[in-house]
Amino acid sequence: MRFVLHRLAAAALVVFGTVTLIFAALYLLPGDPAVLVAGENATEESIARIRELLGTDRPFWAQYADYLAGLAQGDLGMSFATQEPVTVRLWAQFPSTIALTLFASVVAMVAGVLLGIVAAVNRGGWIDHAIQSVMLFFTSMPSFWLGILLILLFSVTLQWLPAIGSGSFAQLILPMACLGLVASGRLMRMVRNSVLDVLDEQFVVTARAKGMPHRLVLFRHVLRNALIPVVTLLGILVGELLSGAVVVETLFARQGIGRLLVDAVGVKDIPVIQGAVLLASISFVLINLLVDLSYSVIDPRVRAEG
Amino acid sequence: MGERLASLDDIAPDLPARRIATRWRWSRRPRLLVPSWLRPGIALPLAVMAAMLACAIVPDWIAPFDPTDMGDAILSPPDAVHWFGTDHFGRDVLSLMIYGARQSLLMGACAVFVGGLVGGLIGLAAGYAGRRADTVLMRLLDIWMSVPDILLAIIIAAALGASLTNTILAVGLVTVPRYARVMRAQVLTVRSRNFIEAARASGCSEASIVLRHVLPHTLSPMLVMATLGVGSSILIGAALSFIGLGVIDDRPDWGFLLSQGRNYLTVAWWFASLPGLAITALVISVNMLGDALRDRFDPRMRT
């Protein structure tokens, strides 16, 4: 229980720090948002009035305190560009991003874990080398380039799948494959190393020595132990997917937090930028917290150290 | 170890006990005596990087056309004159890519320098000072890492404005925590070794212990990290350019070229896919070299 409380407190501290970091970074943003909101033919007076209205003329601490107070009530401010509450704009886009990252993580898990196991069992063989080479390719290519290749192949040449937009499942296939495959490379590597470590353990040799069939050793002894450390990777995986989603959503012209963020950066819509990054970061911290906690349930050795 | 057991297996292949023990082990043919830098896993990436470096240093000797030269043929496919085709202004894509090498390589190398320097100092301070400083710095890094890579880079790049220096700063700052963690872990293990105590007992000042006894032992893992870091820095930088937060110049970098080409995907496959191929080739080369370095310096990580 102490372990759980400790982790919760640490996560709360990190979230608070993240809010501050994002706020401070955006406070330094050059250019006056009031000028952008006012439009091209605005007079000095109307710009000053808008500045007052937005509250961007006040000192840093006043704005920061205000933002925290609003945040405590679940208020992320008003979008400069559309004058809607930021929360409304975020919630409208969030489901699309969740769907993308969820399906992409399934792709990454299936590809990464399966290929990692196959590569480890065939260590040094040509299958191992082939899998490692393909995965080196996936980890080294920019996600948007893989996306472009997928579009060229499946949308332009074969015309099987739609390239852009969001809504139907068919429109989700290419983005989720793109995002998932890029993330699967690192996962495969870790799974492979983890399985290799367990294969060298004494109890595997013992199991083999007593005549247990190959496959049974693999499933009953090796995988059970090898996949425990892989759980921690889920946290890292989500971070990678959230990062990648920004680019992939832009490329495939999908709805989502990432695209909202990129658009907001274009028009210096600070409250929306803050909100989008904050939402992504909090999701990331929470998932890592869950992974930490579930890990201590799966592997009791961790609790003793924490 | 795996090799020794495998050769035993060759001598007595029918020994059942031996079979079981080596079933999972890595057996392979004896290695030819080739200098390490000539092995394909090292020579190939070195060749790719040397070619790209040459493009970055003297593009005007290599490029067949001036990258700002707008010809008559707009979006013409690859042929004998324009090997990689032309873009929507009729510029030669190959020449654009050759001139773009400088931006991309400079960005990758400098970002690693910024990240490695700041991260290295933070990691050194955290690992060597220990206790309270360590706790505070590690918490700071937790916060730093709680914002996913590209999102943090977007905020920093947007806050600073678009220029090559600012892209370098943004990418460098995003990668600080990973260097800091490697540095800290390494300093922690070195700090508790006997020779540090011996140096202190013989009257070395703290500064000279850090400089002469701790730092040299951190160099090889940091070098491996930095090499692998060039790859991820280039990827983050290219993503920034792709989103539209990069430098807009008449000598565009590969990420920006790719984002331009995206608008003509249906009519000009070469425009977007070939600059992407350059990024991928570079990052693969860097990653292969990094892996080779890691095998050499850190045998525990060998796979």
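Rules used throughout
- Residues numbered from 1 in each chain as written.
- Chains lettered and ligands numbered in written order.
- Predicted model: local features only at pLDDT ≥ 70, side-chain atom pairs only at ≥ 80, totals over all residues.
- Helix = DSSP H or I, 4+ residues; strand = E, 2+ residues; numbered from the N terminus.
- Buried ≥ 20, exposed ≤ 12 C-beta atoms within 10 Å, placed from the backbone.
- Contact = placed C-beta atoms within 7 Å.
- Expected span 1.5 Å × (residues − 1).
- Arc of directions from axis to C-beta.
- Axes fitted to C-alpha atoms, helices over the stretch in contact; angles between N-to-C directions.
- Left-handed = near helix turned anticlockwise from the far one by under 90°.
- Nonpolar A, V, L, I, M, F, W, Y, C, P; charged D, E, K, R; others polar.
- Parallel < 35°, antiparallel > 145°, perpendicular 65-115°, else oblique.
- Core = buried A, V, L, I, M, F, W, Y, C linked by C-beta atoms within 7 Å.
- pLDDT = per-residue confidence, 0-100.

On to the overall build of chain B, then. Secondary structure summary: chain B contains 13 helices and zero strands in total. Mapped in sequence order, the helices and strands of chain B form the string α-α-α-α-α-α-α-α-α-α-α-α-α. Scored against the burial criterion, the 303 residues of chain B give a buried share of 42%. A separation threshold of at least 6 residues defines the contact pool for chain B, and within that pool the share at least 24 residues apart is 67%.

Along the backbone of chain A there are 14 helices and zero strands. Going from N to C terminus, chain A has its helices and strands arranged as α-α-α-α-α-α-α-α-α-α-α-α-α-α. In terms of principal-axis extent, the alpha carbons of chain A reach across some 85 × 60 × 30 Å. For chain A, buried positions account for 39% of its 306 residues.

This part is about unusual backbone geometry. All names here are of chain A. One non-glycine residue, glutamine 159, lies in the positive phi region at around 55°. With respect to the helices and strands, glutamine 159 occurs in the loop between helix H7 (143–157) and helix H8 (170–199). Given 9 C-beta atoms within a 10 Å radius, glutamine 159 is considered exposed. Phi angles above zero are rare outside glycine, and alanine 253 is one such case at about 50°. When the 13 C-beta atoms within 10 Å are taken as the criterion, alanine 253 is described as partly exposed.

For the rest of this paragraph, the subject is helix H3 (residues 40–57) of chain B. All names here are of chain B. With 18 residues, H3 extends 25 Å between its outermost C-alpha atoms, agreeing within 8% with the 26 Å of an ideal straight helix rising 1.5 Å per residue. Pro45, Met52 and Cys55 are the residues of H3 that are buried. Along H3, the residues classed as buried sweep out an arc of 80° about the axis, all on the same side. Facing away from the buried side of H3, by more than 90 degrees, are the exposed residues Ala47, Ala50 and Ile57. The secondary structure elements touched by the buried residues of H3 are helix H4 (59–62), helix H5 (93–129) and helix H13 (269–297).

For the rest of this paragraph, the subject is the packing of H5(B) against helix H6 (residues 131–146) of chain B. Residues and elements named next belong to chain B. One way to put it is that H5 packs onto H6 with a least axis distance of 7 Å and a crossing angle of 145°. With respect to the hand of their crossing, H5 and H6 are arranged in left-handed fashion. From H5, Ile122, Ala125, Ala126 and Ala129 reach across to H6, where they touch Ala133, Asp134, Leu137 and Met138. Partitioning the contact of H5 with H6 into residue classes produces seven nonpolar, no polar and one charged.

Residue and element names in this part refer to chain A. Their axes nearest at 7 Å, the elements helix H5 (residues 86–121) and helix H12 (residues 257–266) cross at an angle of 135°. Considering the angle they form, H5 stands oblique to H12. Facing H5, whose interface residues are Arg89, Leu90, Gln93, Phe94 and Thr97, H12 presents Ile257, Gly258 and Leu260.

Let us look at the nonpolar core. Core analysis: the biggest nonpolar cluster contains 152 residues, and A:Leu261, A:Ala276, B:Met97, B:Ala153 and B:Ile154 have the highest contact counts within it. The element that contributes the greatest number of residues to this core is H5(B), accounting for 15 residues. Ignoring sequence-local partners within four residues, the contact set of A:Leu261 consists of A:Val246, A:Ile273, A:Ala276, A:Val277 and B:Ile154.

What follows covers the confidence of the model for chain B. Residue and element names in this part refer to chain B. With 86% of its residues at a pLDDT of 70 or more, chain B shows a mean pLDDT of 80. Across residues 1–27, where pLDDT falls below 50, the model places 21 contacts with residues more than four positions away in sequence or in other chains. Model confidence for the complex is summarised by a pTM of 0.83, with the ipTM given as 0.84.

With that settled, consider the interface of chain A and chain B. The partner chain B presents 43 residues to the 48 residues of chain A that form the contact. Put simply, the parts of the chain that give the side of chain A that touches chain B at least two residues each are helix H1 (2–27), helix H6 (126–140), H7, H8, helix H9 (202–209), helix H11 (228–251), H12 and helix H13 (270–298) of chain A. The dominant element in the side of chain A that touches chain B, judged by the number of residues it contributes, is H1(A), at eight residues. Split into classes, the residues belonging to the side of chain A that touches chain B amount to 36 nonpolar, ten polar and two charged.

Bringing helix H10 (residues 194–201) of chain B into the picture now. Helical geometry: 3.6 residues make up each α-helical turn, so side chains three or four residues apart lie on a common side. For H10(B), the tally of buried residues reaches only zero of eight residues, placing the bulk of the element at the surface. Residue B:Gly203 follows H10(B) closely and has a positive phi angle near 90°.

With respect to the secondary-structure elements, A:Met1 resides in the segment before H1. Here the alpha-carbon distance between A:Met1 and A:Thr20, two residues 19 residues apart in the chain, equals 29 Å.

Parts of the model with low pLDDT should not have their predicted coordinates read in detail. Per-residue confidence for chain A averages 83 on the pLDDT scale, and 94% of its residues sit at or above 70. Per-residue pLDDT, averaged within each element of chain A, yields its smallest value for helix H14 (residues 301–305) of chain A (58) and its largest for H5(A) (89).

As for its position among the elements, A:Ala72 is in helix H4 (residues 60–72). For the pair A:Ala72 and A:Leu153, spaced 81 residues apart in the sequence, the C-alpha separation amounts to 48 Å.

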